[in-house]
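# Observations on the model geometry
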Amino acid sequence: MTSDNKKQYNCSYITNIPWLTVSITLLNFASLGHFLINLRHSHPFMELLYVQAGKLCVQLPDSEFFLEKGDLLYLNAQVPHIITPASEEQVETYNMSFL
């Protein structure tokens, strides 16, 4: 399987450190289709999102901004948000959820 083919899949890795459980996920927004479009949601855990490729629009209750390759977003638990691709280019992110 070539590296291009691997990018079609979303994968997750969960590690159990004695004092911390972390889920690390590589997301390819193209393979998610329209699943995340206009889906406001929140999580009961903190989340870090690193943009590996592409551009995202982030909507929070009181603001909207864009993330590009190399940007890092920290979301506290229970913060409602919508994250959508901001261009036609492929978007890949690494998400780290502190469970």
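### A short note on the side chain of His43
- In this fold, His43 is placed in the loop between helix H2 (29-32) and strand S3 (46-53).
- One polar contact links His43 to Glu47, side chain to side chain, over a distance of 3.2 Å.
- A polar side-chain atom of His43 sits 3.4 Å from a polar atom in the side chain of His81.
- In this structure His43 touches Ala77, Gln78 and His81, once residues within four positions along its chain are discounted.

### Some remarks on the pairing of S3
- Note that S3 and strand S8 (residues 92-98) share 7 bridges and pair antiparallel. Opposite Tyr50, over in S8, you have Tyr94 as the bridge partner.
- Across 4 bridges, the pairing between S3 and strand S6 (residues 72-75) is antiparallel. Paired with Glu47 across the two strands is Leu75, which belongs to S6.

### Things to note about the confidence of the model for the protein
- Across the protein, the average pLDDT comes to 77, with 68% of residues at or above 70.
- At the level of individual helices and strands, the protein shows its lowest average pLDDT in helix H1 (residues 3-6), which scores 41, and its highest in strand S5 (residues 63-68), which scores 95.
- Ignoring residues within four places in sequence, the model shows residues 1-9, a span with pLDDT below 50, making 8 contacts including any to other chains.

### Quick look at the packing of aromatic side chains
- Applying the stated criterion to the full structure yields 0 aromatic pairs.
- Its guanidinium or amino end placed over the ring of Phe66, Lys55 lies 5.1 Å from that ring's centre, counting from NZ or CZ.

### Notes on the side chain of Glu47
- Mapped onto the secondary structure, Glu47 falls in strand S3.
- Buried charge without a salt bridge: Glu47, with Arg40 as the nearest opposite-charge side chain at an N-O distance of 13 Å.

### Examining the sheet that holds strand S4 (residues 55-60)
- Spatial ordering of the open sheet is given by S5-S4-S7, a layout of 3 strands whose pairing is antiparallel. At either end of the open sheet lies a strand with only one pairing partner, and these are S5 and strand S7 (82-85). The sheet shows a mean angle of 20° between the axes of neighbouring strands, taken without regard to direction.
- The pairing of S4 with S7 spans 4 bridges and is classified as antiparallel.

Scoring rules and cut-offs
Residues numbered from 1 in each chain as written. Predicted model: local features only at pLDDT ≥ 70, side-chain atom pairs only at ≥ 80, totals over all residues. Heavy atoms only, no water. Helix = DSSP H or I, 4+ residues; strand = E, 2+ residues; numbered from the N terminus. Polar contact = N/O pair within 3.5 Å; in protein donor to acceptor, adjacent residues only side chain to side chain. Contact = heavy atoms within 4.5 Å. Pairing = 2+ DSSP bridges. pLDDT = per-residue confidence, 0-100. Phe/Tyr/Trp six-rings, centres within 6.5 Å; stacked < 30°, edge-to-face > 60°. Lys NZ or Arg CZ within 6 Å of the ring centre and 35° of its normal. Buried < 20%, exposed > 50% of the residue type's maximum accessible area, 1.4 Å probe, protein only. Lys, Arg positive; Asp, Glu negative; His and termini not counted. Salt bridge = Lys/Arg side-chain N within 4 Å of Asp/Glu carboxyl O. Axes fitted to C-alpha atoms, helices over the stretch in contact; angles between N-to-C directions.

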